[in-house]
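# Survey of secondary and tertiary structure
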Amino acid sequence: MAQTVLVVDFGGQYNQLIARRVREANVYCELISFQKLREKIAETQPIGLVFTGGPASFNDEGAPRIDADILNMGIPVLGICYGCQLIAGTLGGAVGEGPREYGKCTLDVKIKDSALFKGVKSPSTCWMSHTIYIEKLPQGFATSAVTDSCPVAAMEDARKKLYGVQFHPEVMHTEEGFKILKNFLYGVCGATGEWTMSGYVERTVAELKAKIGDKKVLCALSGGVDSAVAATLVHRACPNLICIFVDHGLLRKGEAEEVVRVFRDEQGMKLVAVDASKRFLDKLAGVAEPEKKRKIIGEEFIRVFEEEAKKVGAVDYLVQGTIYPDVIESGLNHSAKIKSHHNVGGLPDVVDFKELVEPLRLLFKDEVRRLGFELELPEHIVMRQPFPGPGLAIRVIGDITNDKLSILREADYIFREEIAKNGLSGEIWQYFAVLTDMRTVGVMGDERTYDYTVALRGVTSVDGMTADWARIPFDVLQIISGRIVNEVKHVNRVVYDITSKPPATIEWE
């Protein structure tokens, strides 16, 4: 395993972001609960610790604590926000209320030869989010940076390699934040930058070969980036991988054919492609309620997969595209358990297998994409937008028919084609068309029409938890609207959704 940094979770909103930034610096890290810190230190022998922010105040009863001896082990520590206050309070300093600082502030570096601030311009912009500050430094510490209203914006005991910052270097609003993190990782912890996707491929393929050998492996391949990268990685190591792709008839235009072409024809995988579209549409006939659609599709998918898996026979391993955020959400840390995660819900209960293989469980989404490029998968597979499991079923409002799906596929294809043609695909996190159940009056030629309204949805986001509507140029929207109305039968009106999340969701159903 590569050198490890432990990102110690104290409940802050940016914790996953801190871990991703460390990985972006080519340093492997794990996000762990503060309650498991001592055992993880013994297990991993980390080169450094990063204490995250959190909602508590150090002075609160029941606030997260660590033992002082952990700060005397000789392991470099960087405390961020609450993590900074924790270091100060634990080592005999004082933490108090105010001054309050939220948003952008001007940071002035006071210790010019500080290892943490090497090459960092001063003044620079940083991002603050706190109501607690350090009233008194612990013995041996010095103030290394200030803002107009925060007398200790950063502190350090360079001799013990203990550093704290009151601001958030992990967020993009902190101008020199990534440089500060890299200074800690490389200048203080002595990282060598071993964590790369090329190295990950080499190590993981070797481990899979040793573990699986020539045994039989099964993978549910959806065509999404996680299952695609997981399958390709396992395929590199194992000759007996069998992928099952279930076409439920609710994919976008050309997607089913693309999955078969890329993975069977180009990658040379053993791929069982099942056209179950009629079966799914029969089950969905007359169903308009969104949750009922989802349940029917999820259950039917399991039934189809189960039938195909039985034809394959007993397998030794089942591949899942579980990624690191899934592991975290399943209760890795002390935070509340968000969900029990299976990439394909329910499959472990219906497939006869001995063990799960999850080759991506250490990776964040952006790392999975980099890994996909390392494995030489096509860009349109690696950069595939988030696409819901129920597919177009929840983008057709109301009941589903073949005719409605055909209308939506064509409108959605035009939207995606024009976004790509205008160089906007990299700027918009997700974009798609929705066939509403609303018909409106229109005039086409000299005739009155009464046809469907298509809604377009485009959002910018980082993780999908929050999203803002994408500011697609009006001239591009005009081209898209004109093409849809002229080229797609039974559509006479196009609207653009300009609602953020919250209050709306990204999908319409």
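Residues numbered from 1 in each chain as written. Predicted model: local features only at pLDDT ≥ 70, side-chain atom pairs only at ≥ 80, totals over all residues. Heavy atoms only, no water.

### Things to note about the overall build of the protein
Along the protein, the regular secondary structure elements total 15 helices and 18 strands. Here the protein has a C-alpha radius of gyration of 26 Å; the compact-globule value for 509 residues is 23 Å, and the two agree. Taken along the three principal axes of its C-alpha coordinates, the protein extends 80 × 60 × 40 Å. Counting all 509 residues of the protein, 56% fall into the buried class. Pairs at least 24 residues apart make up 74% of the contacts formed inside the protein by residues separated by at least 6 positions. Carbon and sulfur atoms make up 50% of the accessible area of the protein, which totals about 22300 Å². The protein carries 61 positive and 70 negative side-chain charges, and their two centres are separated by 1 Å. (Helix = DSSP H or I, 4+ residues; strand = E, 2+ residues; numbered from the N terminus. Rg over C-alpha atoms; globule rule 2.2 N^0.38 Å. Buried < 20%, exposed > 50% of the residue type's maximum accessible area, 1.4 Å probe, protein only. Contact = heavy atoms within 4.5 Å. Areas by Shrake-Rupley, 256 points an atom, 1.4 Å probe, with all protein chains shown as cover. Lys, Arg positive; Asp, Glu negative; His and termini not counted. Charge placed at Lys NZ, Arg CZ, Asp CG, Glu CD.)

### Section: helix 1 (residues 15-24)
With 7 of 10 residues buried, helix 1 is to be regarded as a mostly interior element. Regarding helix 1, the residues found buried are N15, L17, I18, A19, R21, V22 and R23. Positioned one or two residues after helix 1, N26 has a phi angle of 65 degrees, which is positive.

### Things to note about empty space enclosed by the protein
Rolling a probe over the atoms, with the probe sized like a water molecule, indicates the empty space that remains. Within this structure, the stated rule accounts for 1 cavity of 30 Å³ or more. Considered as a void within the structure, the largest cavity measures approximately 50 Å³ in volume. Lining the largest cavity are S222, G223, L251, E255, E258, V259, I381 and R384. Top element by residues in the lining of the largest cavity is helix 7 (residues 255-266). It accounts for 3 residues. Here the lining of the largest cavity is composed, by residue class, of 3 nonpolar, 2 polar and 3 charged. (1 Å grid on protein atoms, 1.4 Å probe; cavity = no way out; pocket = protein on both sides within 12 Å on 5 of 7 lines; lining within 4 Å. Points joined across faces, edges and corners; volume = space filled by probe spheres on them. Nonpolar A, V, L, I, M, F, W, Y, C, P; charged D, E, K, R; others polar.)

### Side note on the packing of aromatic side chains
In the structure shown here, the tally under the stated rule is 9 aromatic pairs. Taken together, a centroid distance of 5.7 Å and an interplanar angle of 50 degrees make the contact between F10 and Y82 tilted. Here Y82 lies in helix 3 (residues 82-90) and F10 lies in the loop between strand 1 (4-9) and helix 1, a separation of 72 residues in the sequence. For the pair F10 and Y82, a shared accessibility class is recorded, and that class is buried. Three or more aromatic residues link up through ring pairs in this structure, and these residues are F10, F34, F51 and Y82. Stacked on the ring of Y324, the Lys or Arg R23 has its end atom at 5.2 Å from the ring centre. One residue, K253, lies across the ring of Y413, its end atom 4.5 Å from the ring centre. (Phe/Tyr/Trp six-rings, centres within 6.5 Å; stacked < 30°, edge-to-face > 60°. Lys NZ or Arg CZ within 6 Å of the ring centre and 35° of its normal.)

### Looking at unusual backbone geometry
Across the junction of S122 and P123, the peptide omega takes the value 5 degrees, indicating a cis bond. Relative to the helices and strands, P123 resides in the loop between strand 5 (94-109) and strand 6 (124-136). Between P502 and the following residue, P503, the backbone shows a cis peptide bond with an omega angle of 15 degrees. Assignment of secondary structure puts P503 in the segment after strand 18 (491-496).

### A look at the side chain of S227
In this structure, S227 sits in helix 6 (residues 225-237). Using a relative accessible area of 8% as the deciding quantity, one classes S227 as buried. A polar contact of 3.4 Å, which involves the side chain of S227, links it to the backbone oxygen of G224. If we ignore the near neighbours within four places in the chain, the residues touching S227 are C219, A220, L221 and S222. (Polar contact = N/O pair within 3.5 Å; in protein donor to acceptor, adjacent residues only side chain to side chain.)

### Structural notes on the layout of surface pockets
Its boundaries defined by the atoms lining it, the second largest pocket holds a volume of some 350 Å³. Around the second largest pocket, the lining is made up of 13 residues, and of these Y200, T204, E207, E358 and P359 lie nearest the centre. Of all the secondary structure elements, the ones that give two or more residues to the lining of the second largest pocket are helix 5 (197-212) and strand 14 (355-357). Considering each element in turn, the lining of the second largest pocket owes the most residues, 6 residues, to helix 5.

### Looking at the packing of helix 14 (residues 402-421) against helix 15 (residues 474-487)
Two elements in contact, helix 14 and helix 15, have axes whose closest approach is 10 Å; the angle formed by their N-to-C orientations is 150 degrees. In this view, helix 14 runs roughly antiparallel relative to helix 15, as classed from their interaxial angle. The handedness of the crossing between helix 14 and helix 15 comes out as right-handed. Taking contact as the criterion, the partners of A411, I414, F415, E417, E418, I419 and K421 in helix 14 are, on helix 15, I479, I480, R483, I484 and E487. Here the residues of the contact of helix 14 with helix 15 sort into 7 nonpolar, no polar and 5 charged. (Axes fitted to C-alpha atoms, helices over the stretch in contact; angles between N-to-C directions. Parallel < 35°, antiparallel > 145°, perpendicular 65-115°, else oblique. Left-handed = near helix turned anticlockwise from the far one by under 90°.)

### Thoughts on the pattern of salt bridges
Considering all chains together, one arrives at 33 salt bridges under this definition. Notably, a salt bridge pairs R361 with E358, separated by 2.6 Å at the nearest N-O pair. Take R361: its relative accessible area is 34%, and that puts it in the partly exposed class. A salt bridge links E507 to R395, with the shortest nitrogen-to-oxygen separation between them at 2.7 Å. With E507 in the segment after strand 18 and R395 in the loop between helix 13 (379-382) and helix 14, this pair connects stretches of sequence that are 112 residues apart. Judged by its relative accessible area of 1%, R395 falls in the buried class. Each of the salt bridges in this network shares a partner with another, and the network as a whole consists of E417, E418, K421, R483 and E487. (Salt bridge = Lys/Arg side-chain N within 4 Å of Asp/Glu carboxyl O.)

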